[in-house]
Amino acid sequence: MINADIKDLEQLVKNLNESAADAVPKTVRATLDGEAFIAHEKYKENAHKNFEIRNENYLKSLRYQKCGSSLKIEKMQAHTGQAAKTFGKITDGFAKQELGIPIVAKKAHIAKPLKAVRGGSYKKLVGKKHYLQNINDVKTIKDLVKHPAKTTEGQFKQAVGVAHHSKKAINFLPEKSDRGQSIIKIQPKKSKRVRKTAKYLYSLKGKTQKLKKVPTLEPAGKAAAAKGGEIFVHEAERRIAKEMSKNLKKG
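Residues numbered from 1 in each chain as written. Predicted model: local features only at pLDDT ≥ 70, side-chain atom pairs only at ≥ 80, totals over all residues. Heavy atoms only, no water.

> Account for the overall build of the chain, naming residues and giving values.
Scanning the chain from terminus to terminus reveals 7 helices and 11 strands. Taken along its principal axes, the extent of the C-alpha atoms in the chain is 95 × 35 × 30 Å. In the chain, which comprises 251 residues, the proportion classed as buried is 35%. Taking contacts inside the chain between residues at least 6 apart in sequence as the whole, the part at least 24 apart equals 62%. Carbon and sulfur atoms form 53% of the exposed surface of the chain, whose accessible area is close to 16,900 Å². (Helix = DSSP H or I, 4+ residues; strand = E, 2+ residues; numbered from the N terminus. Buried < 20%, exposed > 50% of the residue type's maximum accessible area, 1.4 Å probe, protein only. Contact = heavy atoms within 4.5 Å. Areas by Shrake-Rupley, 256 points an atom, 1.4 Å probe, with all protein chains shown as cover.)

What follows is the structure in structure tokens.
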């Protein structure tokens, strides 16, 4: 979208050509770099709003790359997006959320966040205090009692008993059953106000998790492209002023 009259732009290009042989390609290059920077900033803003970010340092994986030094317009390309690797680790989480690519577990299962860690709704993001890496010290039945019950139901009752007796919350992982496993937070019933003692935090059933598409980079690119004409005019005026300054110094 160009916010300028076509005739004005044609005159601007003519002025560029008259100011220096390489003025037009340098202006185009600066325009593409400017668009990439705007897209980069908008992408970071969108990612912060729309994506599930478990670590703020993960935002450092978002980069933009300038066109380089080439003056061949057809070869000029500026990029913005998520780096394939950051600090030696693969960083593709934003791309997966952007495109809705399913997450596949590297091990036997994948931890799927349930409603309790999403503020009661699957439409909400997982709260920071409920990130999986923050739910440490997960206990199995063998960690809690000397003589575990044979059934999952019996083991759950034993874990509840331990929590009530110790008066401390327990992150409990029962033995595997036909329904899979879940990390369960069991809280001691300290008063009548506490009705529910168990919250199911993460399901460990299955190896894949479907992701909903969350377009974030695409709208950032469109927002930058919409400013293309404005950026071009600004860069053209700067280039002409610079070339005129050079001529004045020579004179």
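> So what's going on with the packing of helix 2 (residues 23-50) against helix 6 (residues 217-225)? Residues and values would help.
Viewed as axis vectors pointing N to C, helix 2 and helix 6 meet at an angle of 140°, and their least axial separation amounts to 8 Å. The interaxial crossing formed by helix 2 with helix 6 has right-handed handedness. Counting all contacts with helix 2, which are made through Glu35, Ile38, Ala39, Lys42, Tyr43 and Asn46, the residues of helix 6 involved are Leu217, Pro219, Ala220, Gly221, Ala223, Ala224 and Ala225. Split by residue class, the contact of helix 2 with helix 6 holds 9 nonpolar, 2 polar and 2 charged. (Axes fitted to C-alpha atoms, helices over the stretch in contact; angles between N-to-C directions. Left-handed = near helix turned anticlockwise from the far one by under 90°. Nonpolar A, V, L, I, M, F, W, Y, C, P; charged D, E, K, R; others polar.)

> Can you lay out the packing of aromatic side chains for me, pointing to particular residues and giving the numbers?
Enumeration over the complete set of coordinates arrives at 2 aromatic pairs. Geometrically, the ring pair formed by phenylalanine 37 and tyrosine 64 is edge-to-face, given 5.5 Å between the ring centres and 70° between the ring planes. Placement of the pair is phenylalanine 37 in helix 2 and tyrosine 64 in strand 1 (residues 62-65), with a sequence separation of 27 residues. What makes phenylalanine 37 partly exposed here is its relative accessible area of 40%. Here phenylalanine 51 and phenylalanine 94 contribute two aromatic rings whose centre-to-centre distance is 5.0 Å and whose plane-to-plane angle is 25°, an arrangement assigned as stacked. One end of the pair, phenylalanine 51, is in the loop between helix 2 and strand 1; the other, phenylalanine 94, is in helix 3 (residues 93-99), and 43 residues separate them in sequence. (Phe/Tyr/Trp six-rings, centres within 6.5 Å; stacked < 30°, edge-to-face > 60°.)

> Describe the nonpolar core, and please don't skip the residues or the numbers.
Grouped together as the largest cluster of nonpolar side chains are 12 residues: Leu9, Leu12, Leu16, Ala20, Ala23, Val24, Val28, Cys67, Met76, Phe232, Ala236 and Ile240. Setting aside chain neighbours within four positions, we find leucine 12 in contact with Phe232, Val233, Ala236 and Ile240. (Core = buried A, V, L, I, M, F, W, Y, C linked by side-chain atoms within 4.5 Å.)

> I'd like to hear about the pattern of salt bridges, residue by residue, with values.
Applying the stated criterion to the full structure yields 12 salt bridges. For aspartate 22, the salt bridge goes to lysine 26, with nearest N and O atoms at 3.1 Å. Of the residues examined, aspartate 22 reaches a relative accessible area of 25% and is grouped as partly exposed. With its nearest N and O atoms 3.7 Å apart, the salt bridge here joins glutamate 243 to lysine 246. One end of the pair, glutamate 243, and the other, lysine 246, are both in helix 7 (residues 228-250), 3 residues apart, so they sit about a helical turn from each other. Classification of glutamate 243 by relative accessible area gives buried; the value is 6%. Among the residues examined, lysine 246 registers a relative accessible area of 35% and is labelled partly exposed. Overlapping salt bridges bring together Lys42, Glu45 and Lys49 as one network. (Salt bridge = Lys/Arg side-chain N within 4 Å of Asp/Glu carboxyl O.)

> Give a description of the packing of helix 1 (residues 6-19) against helix 2 that names residues and reports values.
Packing of helix 1 against helix 2 brings their axes to within 7 Å, and their N-to-C directions diverge by 120°. By the angle between their directions, the pair helix 1 and helix 2 is classed as oblique. Between helix 1, through Val13, Leu16, Asn17 and Ser19, and helix 2, the contact on the second element is made entirely by Ala23, Val24 and Thr27. Along the lines of polarity and charge, the residues of the contact of helix 1 with helix 2 split into 4 nonpolar, 3 polar and no charged. (Parallel < 35°, antiparallel > 145°, perpendicular 65-115°, else oblique.)

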